[in-house]
Structure formats: C-alpha cells, structure tokens
Amino acid sequence: MNTIIKLIRNKKLAFKISLFYVSLGTLSVCSIYPKDLFYGDWSLYGLLFTFPVSVVSFSFRYTESNLLYPVFIIQVIMLFTTFFLLSLFIKDKKI
C-alpha cells in the first residue's frame, strides 16, 4: 500500500489527469437514464469522450440499470489502470 501512495506522490500530474478523466466517465455513466439526477444530452458526449474507460461500466449499467455500486467498483479499477498507463508516458521533471 505504501508503494502505491509513493507512486501517486511521485506522479501527481498523471494521477490528476486520470482522476479527472475517469470521474467524467463515471458521471456520464451515472447520468444515462431519465430518472438519474444529472440526466441530459451531455452524457452521450461524455461517454463518447471517455469511451476507453467507460465502456465496461456502460455495458453493465445498460444491462442492470438499478445497481450503481458495481459501476463505481469498475471505475475505481479503471482509475488505477489509467493512472499506471499514464505514469508510463508522463515523465517526471528533473530539478
């Protein structure tokens, strides 16, 4: 657990970008149905923009519309996956 926290501290930019991107995808997935709180046309555009990280959550939400906690679990897994992939591409600044 300490190694993950140290990695997050060392790669703050990658974590912030992945957190924003996956959070937008989560909000879009949770706003698909008309009974949802933030329902609107924007959720389609949000899903298209965040397609790589929201496709699994969208397919789960499409099949089971009443349960939201599995969507959050899937998105947390996608957050760490996205963070580790971005941390490979974003280099640290040498001071």
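Residues numbered from 1 in each chain as written. Predicted model: local features only at pLDDT ≥ 70, side-chain atom pairs only at ≥ 80, totals over all residues. Heavy atoms only, no water.

## Notes on the overall build of the chain
Here is the rule: Each helix is a run of DSSP H or I of at least 4 residues and each strand a run of E of at least 2, with the numbering of both proceeding from the N terminus. Whether a residue is buried, partly exposed or exposed follows from its accessible area with a 1.4 Å probe, protein chains only, as a fraction of its type maximum: under 20%, in between, or over 50%, in that order. By the convention used here, residues are in contact when the closest approach between their heavy atoms is within 4.5 Å. The Shrake-Rupley method, run with a 1.4 Å probe sphere, supplies the accessible areas, and residue values consider only the shown protein chains as cover. When charges are counted, neither His nor the chain ends are considered; positive counts come from Lys and Arg and negative counts from Asp and Glu. We put the charge of a Lys on NZ, of an Arg on CZ, of an Asp on CG and of a Glu on CD.
Helices and strands together make up the secondary structure of the chain, namely 5 helices and 0 strands. Secondary structure elements of the chain occur, N-terminal to C-terminal, as α-α-α-α-α. Scored against the burial criterion, the 95 residues of the chain give a buried share of 33%. By sequence separation, contacts in the chain at least 24 residues apart represent 65% of the contacts at least 6 residues apart. Of the roughly 6900 Å² of accessible surface on the chain, 72% is carried by carbon and sulfur atoms. Each charge sign in the chain was given a centre, from 10 positive and 4 negative side chains, and these centres are 20 Å apart.

## So, the packing of aromatic side chains
Heads up, the rule is: When two rings of Phe, Tyr or Trp (its six-membered ring) have centres within 6.5 Å they constitute a pair, described as stacked for plane angles under 30 degrees, edge-to-face for angles over 60, and tilted for the intermediate range.
In this structure the tally under the stated criterion is 4 aromatic pairs. For the pair Y21 and F49, a centre-to-centre distance of 5.6 Å together with 75° between the ring planes defines the contact as edge-to-face. Taken together, the positions of Y21 in helix α2 (residues 12–29) and F49 in helix α3 (residues 42–49) put the pair 28 residues apart, joining distant regions of the chain. Take Y21: its relative accessible area is 21%, and that puts it in the partly exposed class. The class for F49 is exposed, based on a relative accessible area of 52%. Seen in terms of ring centroids, F83 and F84 are 5.4 Å apart; in terms of plane orientation they differ by 50°. Their pairing is tilted.

Purely geometric numbers; function is a separate question.
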